[in-house]
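Here are the chains, one letter per residue:
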Amino acid sequence: MSYLVLARKWRPQTFADLIGQEHVSQTLGNAIRTGRVHHAFLFTGARGVGKTSAARIFAKALNCEQGITAEPCNQCPSCLEISEGNGTDVLEIDGASNTGVDDVRELRENIRYLPSRSRFKIFIIDEVHMLSINAFNALLKTLEEPPDHAKFIFATTEPHKIPITILSRCQRFDFRKIPLPSVVSRLKEIVEVEKVEISERALTMVARRGEGSMRDALSTLDQVIAFCGDRAADEDVQGLLGLVDRRLLLDTVEALLQRDSRRLLEMVRRVDHLGYSYRQYGRDLVETFRSLVLCRVLDEPQELLDVTADELAELQALAAQAGLEDLQRIQGVLLKLESELAVSPMPHLTLEMVLLRLAQLPPTEDVGQLLKRLAELEKRLSRGGGVSSAPVPRSAPSSTAAAESSPPPEPTPKKVEAPAAPNSGKGDWPGLVEFVKARRRPLIASILEQASPLQLAPPILEIGLPRGSFALGQLDDPELVEALTALAGDYFGAAVKLRVTPLAVDVANVRPSLEQARRQQESDRQRRLRADALDHPLIKSAQDIFGASVKDVRPIDKGFV
Amino acid sequence: MTFEQILGHQSQKEILRRALASDRLAHAYLFEGPEGIGKRLMALGVARAVFCSRGTGCGDCVACRKVDHHNHPDLHLLEVEGTSIKIDQVRELQQSLSLRPLEAKKKICLINGAEYLNPAAGNALLKTLEEPPGDALIILLSAHPDRLLSTIRSRCQRLPFRRLQRDVLQQVLQQQLGIGDAESHVLSALAEGSFKKAFGKDRRLYLEQRRELLRELTALTGGAVLPRFEFAEKLAGQKEQLQEILGIFQTFFRDLLLHKHGRPENEWVNLDLREKIERVARLETEESLLLKLDALAATRLRLERNVNRQLAMEVLLQRLAPS
């Protein structure tokens, strides 16, 4: 047998070895001791926390030749067989490879036979979440009332994928992530036996990389031993794990707090040059800012921070350079950066941009402070003093009182191209109509469009409307007249006196209203169009040949002629 | 190919060499690192070192040659079929791993592009990966290890590979392609340490079309709308290379940013466009450059999610054109 990785070599063989899962081992042990062993178990939890190991230990405990015991002997043939994974009565099934209903049928076929040697026939189905839905359903009846000699142990990382009907038939055990100190002490045990020299600090780094998973930590330890041999220096471990140098991180933090863009770019170049992963760099930056925030909010941060006294002093000096709001904001942005880096096609650019952005941000202001300042400002305003330099707020368009003093309105009315526009420049009739439209008073605008301007010399404005017309009736409403007066006042920049004159229907010598002018223009165009069409040689010859007559002329397109 | 012939990756070679020498080779490795930097070569190097009849990976013995020609009976190669690696492929692999090796001491399996294992296939691999039958060695290669199942990652010894240094790549490019200083600089900078990119299909794009594209981009003005739409249409037509083209635009604006901050020129990508960069940099502020880079990054992300290309390009150019 060639080399066995640590995670396999040191797979726990007794409940005592199973670290961090005391709640599981105790419950199972008690069940065995009191003779109340269920027939179906579900072990769930993150990767590498001991689910499969626990299943095997439990199987050994049930089948040990020394009798059912919470502490299997690990010496009898039954125990040894299970450890090697080829027990005749303990079937370890790969649930992810044997997913179909046929596999379950085979299992049901198999379950009827008594165990060949041991007490129980134990089915360990690992990665059980991958079974198909039919396979699960085919298992239901068997799982509910299996023969006395059968036990099921399911192990999975994804319990949410398992049907509720299966869950309800199993005793479920949730495996926890293993706390850091427990991992470290286990690693220490292992390196002692393996005769590897490695400091506790390095082991902590390794354990942290495992993120609560024993197997991850052991894989990393394997890697460290493979690289460093029997003596692992802290620097080597750090380099191997790709942890970014502290100095570089602190320099970056300093440059960020001092808003030194140039230096930040230099940092990114150095990260690239040293071959660190940008993502790791981002992650470590977040971690550093977390330390700074802790330094800022706690009186004695060393309880939560794993740093030496020198490092702490350095961190505290940095933390003093910026406000808490600032630090937290930077931390927030960096947190987002980490996930962006994972998907970015150009990570170095993403990193540079975010750092430059952060360097550009103005210092934050506390919202409470701002509100206080705002309140003070309002108080001073209401007293009427101290704000002479501020621009006078422009009065609302409908208030007549302010119209006298206010400057001419800003939206200069657009000139309408109408044939009957005698007054050029500002203050003409079409301009007024356009202005009213711009002020979103469509009702007044439409009345004005139908009206003819009789006198247009501010302060007097006289408009004529055909007697008996609907628009004239509308102007009986004093409110509307007032609004119109106010609008006109705004437009001409002076108070206006409005006079409305009813006109006889057939009066010819008044200026036509805008609507009339437009209609006139339209019919002129129609006439011209008709003449053009009739003159067309094609039409003429059509008339000649077929004796046709022109009934109607319609423009194909408005802008055609 | 022996380890010596593979460029860079000194510490990774050292780790593997030591593991081989002390017979501490794990049963499952995950080689992770950007596309096209030599992970596969390295894995094949390991295979040769294990199979070699002289025990060195000499390259002359029968076993080594068989590895080189991909016809060693104990070397299995799992590649992406279609869009993913499927469960049937994994079952086939399990089947063959359960048999005894034919010629060598152990079986070796390379899974190229492990992030393409579909969920069923990935899960089916778990038990095999944890305790391979017999004495097999499984090497997973992945450019995006984060997309792998965490349960797979945890079962492997991870070996991170880093980007090749730009100057190393530049040297190789000069030697192998016989191109000049400026060109090799641009190409190596754009390839971001990946041989695959530098020698692959994008070479023409990087060397020849890049200048033209950037000329058109900088010729856009705030006022004229029509050329902008025409350019957008042209870009949208480049379905295959659009991401790379936007990448080129990103490098250009990044160069401007670096120029603004007075960084040395050898950090630039588009060294051959110095005058243009200096000219355009005068028109831009840092803030406007950052906004444009944001727009580019956002567009690239959207393109991955299948937005309407034409529309995306029009919106992008609207943002990129000087206001």
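Predicted model only: the values in this text are computed from it and were never measured.

1. Digging into the overall build of chain B
Consideration 1: Broken down by element type, chain B carries 15 helices and five strands.
Consideration 2: Here chain B holds 323 residues, and 43% of them are scored as buried.
Consideration 3: Counting only contacts in chain B whose residues sit at least 6 apart along the sequence, the fraction spanning at least 24 positions is 72%.

2. Points about the overall build of chain A
Consideration 1: Along its length, chain A carries 25 helices and 10 strands.
Consideration 2: Looking at chain A residue by residue over its 561 residues, the buried ones come to 34%.

3. So, the interface of chain B and chain A
Consideration 1: Contact residues are listed per partner, giving 39 residues for chain B and 39 residues for chain A.
Consideration 2: Listed by contribution, the elements that provide at least two residues to the side of chain B that touches chain A are α1 (10-21), α4 (87-97), α5 (119-130), α6 (150-155), β5 (157-160), α12 (242-260) and α14 (286-304) of chain B.
Consideration 3: For the side of chain B that touches chain A, the class distribution of residues is 13 nonpolar, 12 polar and 14 charged.

4. Description of the packing of helix α14 (residues 278-297) of chain A against helix α16 (residues 324-343) of chain A
All names here are of chain A.
Consideration 1: Put simply, α14 and α16 touch, their axes get as near as 9 Å, and they point 160 degrees apart. For the element pair α14 / α16, the angle class is roughly antiparallel. With respect to the hand of their crossing, α14 and α16 are arranged in left-handed fashion. Within the contact between the two elements, α14 uses Tyr 278, Arg 279, Gly 282, Arg 283, Leu 285, Val 286, Phe 289, Arg 290, Leu 292, Val 293, Arg 296 and Val 297 and α16 uses Leu 324, Leu 327, Gln 328, Ile 330, Gln 331, Leu 334, Leu 335, Leu 337, Glu 338, Leu 341 and Ala 342.
Consideration 2: Partitioned by chemical class, the residues of the contact of α14 with α16 number 15 nonpolar, three polar and five charged.

5. Comments concerning the sheet that holds strand β3 (residues 108-112) of chain B
Residues and elements named next belong to chain B.
Consideration 1: Across the sheet, five strands lie side by side as β2-β3-β4-β1-β5; this open sheet has parallel pairing. Only two strands of the sheet have a single partner each, and these edge strands are β2 (75-78) and β5. Shown here is a sheet whose adjacent strand axes are inclined to one another by a mean of 20 degrees, direction ignored.
Consideration 2: With four bridges connecting them, strand β1 (residues 28-32) and β5 associate as parallel partners. In the sheet register, Leu 30 faces β5, and the bridge partner there is Arg 158.
Consideration 3: Sheet contacts for helix α2 (residues 39-51): β1, β2, β3 and β4 (137-142); angle to β4, the most-contacted strand, approximately 170 degrees.

6. Remarks on helix α8 (residues 180-194) of chain A
Residue and element names in this part refer to chain A.
Consideration 1: Given a rise of 1.5 Å per residue, 15 residues ought to cover 21 Å, and the 21 Å separating the end C-alpha atoms of α8 matches this to within 8%.
Consideration 2: Val 183, Val 184, Arg 186, Leu 187 and Val 191 are the residues of α8 that are buried. Seen end-on, α8 carries its buried residues on one side only, within an arc spanning 165 degrees. Those residues of α8 that are exposed and angled more than 90 degrees off the buried face are Pro 181, Glu 192 and Val 193.
Consideration 3: Looking at the packing, one finds that the buried side of α8 touches β6 (197-198), α9 (200-210) and α10 (214-228).
Consideration 4: Once α8 ends, the next one or two residues include Lys 195, with phi positive near 60 degrees.

7. Considerations on the environment of Gly493(A)
Consideration 1: Of note, Gly493(A) is situated in the loop between α23 (478-492) and β10 (497-503).
Consideration 2: For Gly493(A) and Pro459(A), which are 34 residues apart along the polypeptide, the C-alpha to C-alpha distance reads 9.8 Å.

8. With respect to the confidence of the model for chain B
All names here are of chain B.
Consideration 1: Averaged over every residue, the pLDDT of chain B is 85; the share at 70 or more is 98%.
Consideration 2: In the model of chain B, helix α9 (residues 195-199) stands out as the element of lowest mean pLDDT, 73, in contrast to β4, which has the highest, 93.
Consideration 3: On the interface metric, ipTM, the complex scores 0.76, and its pTM is 0.67.

9. Focus on the sheet that holds strand β8 (residues 452-457) of chain A
Residue and element names in this part refer to chain A.
Consideration 1: Ordered by their spatial adjacency, three strands build an open sheet running β8-β9-β10, and the pairing between neighbours is mixed. Each edge of the sheet is formed by a strand with only one pairing partner; in this case those strands are β8 and β10. Sheet twist, expressed as the average angle between the axes of neighbouring strands with direction ignored, equals 15 degrees.
Consideration 2: Looking at chain direction, strand β9 (residues 460-466) and β10 are connected through seven bridges and run parallel. Pairing of Ile 463 across the sheet is with Val 500, part of β10.

10. Here we look at the nonpolar core
Consideration 1: Ranked by internal contacts, the top residues of the largest apolar core, which has 194 residues, are Phe43(A), Ile153(A), Phe154(A), Val206(A), Phe31(B), Ile139(B) and Leu140(B).
Consideration 2: Each residue touching Phe43(A), except ones within four places of it in the same chain, is listed here: Lys51(A), Ala54(A), Ala55(A), Ile153(A), Phe154(A), Ala155(A), Phe173(A) and Phe175(A).
Consideration 3: Listed in part, the 21 residues of the second largest apolar core include Ile444(A), Ala445(A), Ala451(A) and Tyr491(A).

11. Comments concerning the environment of Ala224(B)
Consideration 1: With respect to the secondary-structure elements, Ala224(B) resides in the loop between α10 (203-219) and α11 (226-237).
Consideration 2: A C-alpha to C-alpha distance of 9.8 Å links Ala224(B) and Ala321(B), two positions 97 residues apart in sequence.

12. What to know about unusual backbone geometry
Residues and elements named next belong to chain A.
Consideration 1: Unlike most non-glycine residues, Lys 195 shows phi in positive territory, near 60 degrees.
Consideration 2: Here Lys 195 is to be found in the loop between α8 and β6.
Consideration 3: Even without being glycine, Arg 259 reaches a positive phi, approximately 55 degrees.
Consideration 4: Position of Arg 259 among the secondary structure elements: in the loop between α12 (246-257) and α13 (261-274).

13. Considerations on the confidence of the model for chain A
Consideration 1: On average, chain A scores 82 in pLDDT, and the residues at 70 or more come to 89%.
Consideration 2: When the criterion is pLDDT under 50, residues 387-425 of chain A qualifies, and its contacts beyond four places in sequence or with other chains add up to 40 contacts.

14. Points about the environment of Val50(B)
All names here are of chain B.
Consideration 1: With respect to the helices and strands, the residue Val 50 is situated in helix α2.
Consideration 2: For Val 50, a count of 21 C-beta atoms within 10 Å gives the class buried.
Consideration 3: The spatial distance from the C-alpha of Val 50 to the C-alpha of Ala 104 is 8.1 Å, given a sequence separation of 54 residues.
Consideration 4: Residues in contact with Val 50, not counting those within four places in the same chain, are Ala 104, Lys 106, Ile 108 and Leu 137.

15. Structural notes on α16(A)
Because the α-helix completes a turn every 3.6 residues, residues three or four places apart line up on one side.
Consideration 1: The first and last C-alpha atoms of α16(A) sit 30 Å apart over 20 residues, in line with the 28 Å expected at 1.5 Å per residue.
Consideration 2: The inward-facing, buried residues of α16(A) contact α12, α14 and α17 (347-360) of chain A.

Conventions adopted
- Residues numbered from 1 in each chain as written.
- Chains lettered and ligands numbered in written order.
- Predicted model: local features only at pLDDT ≥ 70, side-chain atom pairs only at ≥ 80, totals over all residues.
- Helix = DSSP H or I, 4+ residues; strand = E, 2+ residues; numbered from the N terminus.
- Buried ≥ 20, exposed ≤ 12 C-beta atoms within 10 Å, placed from the backbone.
- Contact = placed C-beta atoms within 7 Å.
- Nonpolar A, V, L, I, M, F, W, Y, C, P; charged D, E, K, R; others polar.
- Axes fitted to C-alpha atoms, helices over the stretch in contact; angles between N-to-C directions.
- Parallel < 35°, antiparallel > 145°, perpendicular 65-115°, else oblique.
- Left-handed = near helix turned anticlockwise from the far one by under 90°.
- Pairing = 2+ DSSP bridges.
- Expected span 1.5 Å × (residues − 1).
- Arc of directions from axis to C-beta.
- pLDDT = per-residue confidence, 0-100.
- Core = buried A, V, L, I, M, F, W, Y, C linked by C-beta atoms within 7 Å.

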